[in-house]
Structure formats: C-alpha cells, structure tokens
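Architecture at a glance
Single-letter residue listing:
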Amino acid sequence: MLHFEEEQKIRRKMEDLKQLLANLGSIAIAFSGGVDSTFLLKVAYEVLEEKAIAITAQSSSFPRRELEEAKTFCQKEGVSQVIFPFHELEIEGFEQNPPNRCYLCKKTFLKKVQQIAAEKEIAYVAEGSNIDDEKDYRPGMKAVEELGIISPLRKVGLSKQEIRFLSRELELDTWEKPSFACLSSRFPYGESITKEKLARVEQAEQLLLDLGFSQFRVRIHGDMARIEVLPEEFPKLIQEENRQQVIEQLKAYGFAYIAMDLVGYRMGSMNEVL
C-alpha cells in the first residue's frame, strides 16, 4: 500500500510522461510486449493516437509466446504494429557471445526500427527501459544513446515498481507479468549461441511458466541447465512431482544436467563474472 505522498509523486511522473510524449508529436515504440514497453505504448497511444505505432521483431531470441502476446495487445488496443523478421545470429560477432553482444544486437535492431519509422513518417523512436535498468550492466544502452533513441520512462524517472502500479491502474494485464529479457541473456559470455540452444531454453522456461512459477530463468552452460527461481519458490521446484517433470522434460529438450541455483532468481546473474 503506497502512502498518499508516494502516489502523488508517481502521478506527477505520469503527467510528465504524457507531456513528453505529446511534445514529440509522433513516436514508434520498439515493442516487446513486456511490462515496460506495453505501458509506454498504452500511454503513447492514449496521447498521440494513430501517431503512436509499435514495431516488433520476430527472432530466435524472442519466444513465440511473447510475440503472440504483443500481437494480441496491439489488435485489442487498435494500435498499428509492424512485425519484421530479425536474424540476430547473422550479426557479426553475435554468435560468439562477447560481453558487448547486447550492444551489437541492439544497434542493428534499433537501426531497423528507425528505418521502418522513417518509412512511416514517424519522427521519433523510443524504447522502454526504466531507471532500475541503470543498476545492471546494460551494453545495449550505449546503442540507444548513439542512435538518439528516446527512453521516456527513464527520462521521467519511473521505476519498475511504479510502472507496475500505473499499469494496474490502466487495467493492463502486464502489471504483474514477470520481468523478461531476451533468451540470449541466458548464455555465459563466450559460449556460442545457436538457434537450437535458444529453442532449448525457450522450451525449458515455458515449462516453468506452465508449472506456475512466477519469476525464473533457465541459464544454459553447455549441456547443463541452471534454474533460477525465487527463493520462496524453492520448495515448489523440489516438490517430487515437479522435480521429476522438470528433469524428464529438460533432458528431453537436450540438457544432460539440471541444477538449481541456490542463490535464486536475480537480474543479470551472467554479469556477475564481469
């Protein structure tokens, strides 16, 4: 429960966001269907109507589930959406998974978004990072800055918790959606990324979602899956029926070893070695 002063502060940020968007005149949002970009797109469309569009990539690092949810949202809200095929594995250096992999990918992706926006005569391109993203190693933000992409949620100082609060007020289903990052972030730096491995991770995480886990990651280390769930959900993971199902399914997906991370889910655990 938020105090009155906290609510007022959040609502002022919301008004700042609306004013910022109104001043832009037209905007194309790099839309993934996650908590942040869904909230940003909803507000932008309320302010700018048909002058706010969504641009979404269809790629191996983007689960089919997420793509379908993004499409459904735009159809429901009446937002114009452009979906384009994005082959991140063809980006030079991407497959080798260097520490700046996210930069290489994001720069190529955002250039394509800018190209589509220009073709649609949209003046600005925006992405949905919030101020909490500044706490983690985010090489992709360098690409955002270099290309002049706007980050409205960061600019007005909105945090993830505040975005969830406002999303709930807007009756967005995503207000309690688990945080998500592209599947390529499940690989330790230096381990090659392939379409087959990405599919393996997608299947494994879909299983955890189907089993009802609220926030999780399946990190891939060669033939081993390192499962991160919230510490309060450890008992659920090792409950015999769930444990056996996870073991059997992940082995069927191609993992030889399955391990539970005793630290539990946390953002950017692959960056802890940097």
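Below: a short report on this structure. Source: prediction; values computed, not measured.

Description of helix H8 (residues 195-210)
Helix length check: H8, at 16 residues, gives a terminal C-alpha distance of 22 Å against a target of 22 Å (1.5 Å per residue), a fit within 8%. Among the residues of H8, Lys197, Leu198, Arg200, Val201, Glu202, Ala204, Glu205, Leu207 and Leu208 are the ones counted as buried. Contacts from the buried residues of H8 go to helix H3 (64-77), strand E5 (216-221), strand E6 (224-229), helix H9 (234-238) and helix H10 (240-253).

Looking at the side chain of Arg266
Tracing the backbone shows Arg266 in the segment after strand E7 (257-260). Residue Arg266 is classed as buried on the basis of its relative accessible area, which comes to 18%. Polar side-chain contacts of Arg266 include one of 2.9 Å to the side chain of Asp261. Residues within four places of Arg266 in sequence aside, it is in contact with Arg219, Arg226, Glu228, Asp261 and Glu272.

Regarding the sheet that holds strand E1 (residues 27-30)
Overall, parallel pairing links the 4 strands, which are arranged E3-E2-E1-E4 in an open sheet. Every interior strand has two partners, whereas the edge strands, strand E3 (81-85) and strand E4 (124-126), have only one. Averaged over all pairs of adjacent strands, the angle between their axes in this sheet comes to 25 degrees, without regard to strand direction. Two strands pair when backbone bridges link them, and E1 and E4 are joined in this way by 3 bridges, in the parallel orientation. The residue of E4 that forms the bridge with Ile29 is Ala126. Contacting E1, strand E2 (52-58) and E4, helix H2 (residues 35-48) crosses the sheet at an angle of about 165 degrees to E1.

Side note on the nonpolar core
By size, the foremost hydrophobic cluster in this structure holds 43 residues, and its most contacted members are Ile55, Phe84, Phe109, Leu208, Val246 and Leu250. Looking at which element gives the most residues to this core, the answer is helix H4 (residues 101-119), with 6 residues. Setting aside chain neighbours within four positions, we find Phe109 in contact with Ala30, Ala57, Phe84 and Phe86. By size, the runner-up hydrophobic cluster in this structure holds 30 residues, among which are Phe31, Val43, Ala52 and Leu153.

With respect to the packing of aromatic side chains
Two aromatic rings are characterised by how far apart their centres lie and by the angle between their planes. Taken as a whole and assessed by the stated rule, the structure comprises 4 aromatic pairs. For the pair Phe84 and Phe109, a centre-to-centre distance of 6.0 Å together with 20 degrees between the ring planes defines the contact as stacked. With a gap of 25 residues between them, Phe84 in strand E3 and Phe109 in helix H4 connect regions that are remote in the sequence. Each member of the pair, Phe84 as well as Phe109, carries the same accessibility label: buried. Summarising the aromatic geometry, the rings of Phe86 and Phe109 are spaced 5.7 Å apart at their centres and angled 65 degrees between planes, so their arrangement reads as edge-to-face. Residue Phe86 is found in the loop between E3 and H4, and its partner Phe109 is found in helix H4; the two are separated by 23 residues along the sequence. Taking the relative accessible area as the measure of exposure, Phe86 reaches 9% and is therefore buried. One aromatic cluster is present, built from ring pairs that chain together Phe84, Phe86 and Phe109.

Quick notes on the side chain of Asn130
Looking at where Asn130 falls in the secondary structure, it is placed in the loop between E4 and helix H5 (140-147). Here the side chain of Asn130 touches Asp36 through a polar contact of 2.9 Å, side chain to side chain. Here Asp132 takes part through its backbone nitrogen, which lies 2.7 Å from a polar atom of the side chain of Asn130. Once you skip the residues sitting within four places of it in the chain, Asn130 turns out to touch Asp36, Leu153, Arg154, Leu158, Ser159, Lys160 and Ile163.

So, how was this worked out
Counting restarts for each chain, with residues numbered from 1 along the sequence as it is written. Two thresholds apply to this predicted model, a pLDDT of at least 70 for residue-level local features and 80 or more for giving and counting side-chain atom pairs, whereas whole-chain, interface and lining totals are computed over all residues. Only hydrogens and water are set aside; all other atoms, that is, all heavy atoms of the structure, feed into the side-chain values. A run of H or I in DSSP counts as a helix once it spans at least four residues, and a run of E counts as a strand once it spans at least two, with each numbered from the N terminus. Here the expected length of a helix is defined as 1.5 Å per residue gap, with one fewer gap than residues. Each residue is placed in one exposure class: buried if its accessible area under a 1.4 Å probe, protein chains only, is under 20% of its type's maximum, exposed if it is over 50%, and partly exposed if it falls in between. Residues are treated as being in contact if the distance between any of their heavy atoms lies within 4.5 Å. Pairs of N or O atoms within 3.5 Å make up the polar contacts considered here, provided that, within protein, one atom can donate a hydrogen while the other can accept it, and that residues adjacent in sequence are counted only when both atoms are side-chain atoms. What makes two strands pair is DSSP finding at least two bridges between them. Fitting a line to C-alpha atoms yields each axis, with helices limited to the stretch in contact; the angle taken between N-to-C directions then spans 0 to 180 degrees. Remark: nonpolar core denotes a set of buried residues (Ala, Val, Leu, Ile, Met, Phe, Trp, Tyr, Cys) joined through side-chain atoms within 4.5 Å. To pair, rings of Phe, Tyr and Trp, with the six-membered ring standing in for Trp, must have centres within 6.5 Å; the planes then decide the type, stacked if under 30 degrees apart, edge-to-face if over 60, and tilted in the middle.

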